[in-house]
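Here are the chains, one letter per residue:
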Amino acid sequence: QAQLVESGGGLVQAGGSLRLSCAASGIIFSIFHMGWYRQAPGKQRELVALITSGGNTNYTESVKGRFTISRDNAKRTVTLQMNSLKPDDTAVYYCNARIMGRSQVTYWGQGTQVTVSS
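Residues numbered from 1 in each chain as written. Predicted model: local features only at pLDDT ≥ 70, side-chain atom pairs only at ≥ 80, totals over all residues. Heavy atoms only, no water.

Caption draft 1: Representation of the sheet that holds strand β8 (residues 77-82) within the structure. Strand order in this open sheet of four strands is β1-β3-β8-β7, and the pairing throughout is antiparallel. Strand pairing shows two members of the sheet lacking a second neighbour, β1 (2-8) and β7 (67-72), which therefore form its edges. This sheet shows a mean twist of 15° between the axes of neighbouring strands, independent of strand direction. Direction of pairing for β7 relative to β8: antiparallel, over a ladder of six bridges. When the sheet's bridge partners are listed, phenylalanine 67 is paired in β8 with methionine 82. (Pairing = 2+ DSSP bridges. Helix = DSSP H or I, 4+ residues; strand = E, 2+ residues; numbered from the N terminus. Axes fitted to C-alpha atoms, helices over the stretch in contact; angles between N-to-C directions.)

Below, the structure is given as C-alpha cells:
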C-alpha cells in the first residue's frame, strides 16, 4: 500500500504564483508517471500536467507556459509550479501516481484547494 500526501495550495490574487508538492510513501518499488489533475465546481476532473519516470512532460493547453511540473525520483516527490495564475485556475488539485508496490496501482492524493481571486 502506498500513499500520496499533498502540500501547498491556498488563496492568491490573479497573476500570482503557487507551488504544489506531493510526496509518495509506503511500499514502493517503482513509480511510473506522476501528475496533477484538477476539478472545478460543476466540472469534470481534468489532467493538468503529467511527467513520466524519464522526465517527459505533458500539459493541458490552458496551462502551457505558466505551469511547470517536475519530479525528484530519489525523494519520490512531484511538484507543480504555477505562475501567472488566473481565476479559471481555481479548483481542487489532486496528485496522481502510478506505483508498483505489491501490485501496480494508480493512487490519488486527498486534494488541495487553489483559489485565484480576480
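After that view, the rundown keeps rolling.
Caption draft 2: Summary view of the layout of surface pockets. Taken as a whole, the largest pocket encloses approximately 220 Å³ of empty space. If you go around the largest pocket, you meet 13 residues; those closest to its centre are Arg38, Lys43, Glu46, Asp88 and Asp89. (1 Å grid on protein atoms, 1.4 Å probe; cavity = no way out; pocket = protein on both sides within 12 Å on 5 of 7 lines; lining within 4 Å. Points joined across faces, edges and corners; volume = space filled by probe spheres on them.)

Caption draft 3: Representation of the environment of arginine 45 within the structure. Examined against the element boundaries, arginine 45 turns out to sit in the loop between β4 (30-39) and β5 (46-51). On the basis of relative accessible area, arginine 45 is assigned to the partly exposed category, the value being 34%. Sequence-wise, arginine 45 and tyrosine 94 are 49 residues apart; in three dimensions their C-alpha atoms are separated by 9.1 Å. Setting aside residues no more than four positions away along its own chain, arginine 45 makes contact with Tyr37, Arg38, Gln39, Tyr94 and Trp108. (Buried < 20%, exposed > 50% of the residue type's maximum accessible area, 1.4 Å probe, protein only. Contact = heavy atoms within 4.5 Å.)

Caption draft 4: Quick look at the side chain of asparagine 96. Summarising the element assignment, asparagine 96 is placed in strand β9 (residues 91-100). Using a relative accessible area of 2% as the deciding quantity, one classes asparagine 96 as buried. Looking at asparagine 96, its side chain comes within polar contact range of the side chain of histidine 33, at 3.3 Å. Ignoring anything within four residues of it in the chain, the contact list for asparagine 96 reads Leu4, His33, Met34, Gly35, Tyr37, Thr106, Tyr107 and Trp108. (Polar contact = N/O pair within 3.5 Å; in protein donor to acceptor, adjacent residues only side chain to side chain.)

Caption draft 5: Here's a closer look at the packing of aromatic side chains. The final tally for this structure, using the stated rule, is one aromatic pair. Taking 4.9 Å as the distance between ring centres and 65° as the angle between the ring planes, the aromatic pair formed by tyrosine 37 and tryptophan 108 counts as edge-to-face. Within this pair, whereas tyrosine 37 is found in strand β4, its partner tryptophan 108 is found in strand β10 (residues 104-108), the two being separated by 71 residues in sequence. Among the residues examined, tyrosine 37 registers a relative accessible area of 21% and is labelled partly exposed. Taking the relative accessible area as the measure of exposure, tryptophan 108 reaches 36% and is therefore partly exposed. Taking NZ or CZ as reference, arginine 45 lies 3.7 Å from the ring centre of tyrosine 94, over its face. One Lys or Arg, arginine 45, reaches over the ring of tryptophan 108 and ends 4.7 Å from the middle of that ring. (Phe/Tyr/Trp six-rings, centres within 6.5 Å; stacked < 30°, edge-to-face > 60°. Lys NZ or Arg CZ within 6 Å of the ring centre and 35° of its normal.)

Just distances and angles here, no functional claims.
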